[in-house]
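Structure at a glance
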Amino acid sequence: GLNHPATTVGQLRLLAQAGIRWVRNWSVNWDWVEPGPGTFTTTWEAQDKQFAHMASADMKPLVVFPNPSSSWASTAPATVSHALWYRLAYAPSDPALLYRFLGNAVERYRSACTHWEFLNEPLWVPDFCLPKKGGYTVADYVRLLEGAYRAIKAADPESTVIGGIANEPDATLAEEFISAGGLEHCDILN
């Protein structure tokens, strides 16, 4: 598999000929799809194009929900930059809004995607996803994962949910995740 789809259909087809069938895709990003509270704009068009691009080479998408928040729903302090993903890395002010978004996304793409990953590398990458410097713990991730798992399964009971904390060999976050009951809220451990 690939972490991101190749940019042209020809490249995707060559990869498919080489036996690469899965493409991890980050385009279903809450901040891009719902730029304001309850405002689902034509930004779904960009995601639709991504799915059509992958389907044109018969690739199987693995959608990653990369961040736990959108800029308008973030609990990030005012001192956190609006650049890149920094504000999106913080938990949402109302997790129910996150779960609603996840359910809507899975419902929209359930015929094109069967595998969904909730958050990319939480806790261990600085400034990225539930950053430790923001006070987040494994328990915070497991709570959000539990709700995400329920929302995804409610929209598509046959879907596969990937969760967990992939990190460096000497770190203990993965063990903490397992001890905190995280395996109850995912089908595949990252």
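That block above? That's the structure.
A brief look at the structure comes next. The residue numbering used here restarts from 1 in each chain and proceeds along that chain's sequence as written. Two thresholds apply to this predicted model, a pLDDT of at least 70 for residue-level local features and 80 or more for giving and counting side-chain atom pairs, whereas whole-chain, interface and lining totals are computed over all residues. Only hydrogens and water are removed before side-chain values are computed, so all heavy atoms of the structure are retained for them.

Focus: the pairing of strand β3 (residues 115–118)
As a reminder, the rule being used: Only protein chains enter the calculation, and the probe is 1.4 Å; a residue is then buried if its accessible area is under 20% of its type maximum, exposed if over 50%, and partly exposed in between. Strands are runs of DSSP state E lasting at least 2 residues, helices are runs of H or I lasting at least 4, and numbering of each runs from the N terminus. Here a strand pair is declared whenever DSSP counts at least two bridges between the two strands. With strands facing away from the observer, any crossover in which the path from the first strand over the helix to the second runs clockwise is taken as right-handed.
Both faces of β3 are covered, namely the face carrying His 115 and Glu 117 and the face carrying Trp 116 and Phe 118. When strand β2 (residues 60–65) meets β3, the two strands line up parallel, connected through 4 bridges. For Leu 62, the partnering residue across the bridge sits in β3 and is His 115. In the sheet, β3 pairs with strand β4 (residues 160–163) via 3 bridges, with the strands oriented parallel. Pairing of Glu 117 across the sheet is with Ile 162, part of β4. Where the polypeptide runs from β3 across helix α5 (residues 138–155) and back to β4, its parallel neighbour, the crossover connection is right-handed.

Some points on α5
The cut-off we apply is this: The span you would expect from a helix comes to 1.5 Å times its residue count less one.
Counted at 1.5 Å a residue, the expected span for α5 with its 18 residues is 26 Å, and the 26 Å between its end C-alpha atoms agrees. Among the 18 residues that make up α5, 13 are buried, leaving the element largely enclosed by the rest of the structure.

Observations concerning the nonpolar core
Note the following rule: What we call a nonpolar core is a set of buried Ala, Val, Leu, Ile, Met, Phe, Trp, Tyr and Cys residues that are connected through their side-chain atoms within 4.5 Å. A contact between two residues is defined here by any heavy atoms of the two lying within 4.5 Å.
By size, the foremost hydrophobic cluster in this structure holds 52 residues, and its most contacted members are Phe 65, Phe 101, Phe 118 and Tyr 141. Only α1 (9–17), α2 (30–33), α3 (44–55), β2, α4 (95–109), β3, α5 and α6 (173–179) provide two or more residues apiece to this core. It is α5 that contributes the most residues to this core, 10 residues altogether. Setting aside its immediate chain neighbours within four residues, Phe 118 contacts Phe 65, Leu 98, Leu 102, Tyr 141, Leu 144, Leu 145, Ala 148 and Ile 162.

Considering the environment of Gly 147
Checked against the element boundaries, Gly 147 lands in helix α5. Sequence separation between Gly 147 and Met 59 is 88 residues, and the spatial gap between their C-alpha atoms is 28 Å.

With respect to the sheet that holds strand β5 (residues 188–189)
Rule in force here: Between the N-to-C directions of two axes lies an angle of 0 to 180 degrees, each axis being a line fitted to C-alpha atoms and, for a helix, fitted only over the stretch in contact.
The strand order across the open sheet formed by 5 strands is β1-β2-β3-β4-β5, and the pairing between neighbours is parallel. Because the sheet does not close on itself, it has two edges, and the strands there are β1 (22–25) and β5. In this sheet, β2 lies alongside β1 in parallel orientation, the contact comprising 4 bridges. Considered in β2, the bridge of Asn 25 is made with Val 63. Where α4 meets the sheet, its contacts fall on β2 and β3, and the angle it forms with β3 comes to roughly 160 degrees.

Let's talk about the environment of Ala 57
Mapped onto the secondary structure, Ala 57 falls in the loop between α3 and β2. Take Ala 57: its relative accessible area is 7%, and that puts it in the buried class. On a C-alpha basis, the gap between Ala 57 and Leu 14 in space is 8.9 Å, while along the polypeptide they are 43 residues apart. Excluding residues that lie within four positions of it along the chain, Ala 57 makes contacts with Leu 12, Arg 13, Ala 16 and Arg 21.

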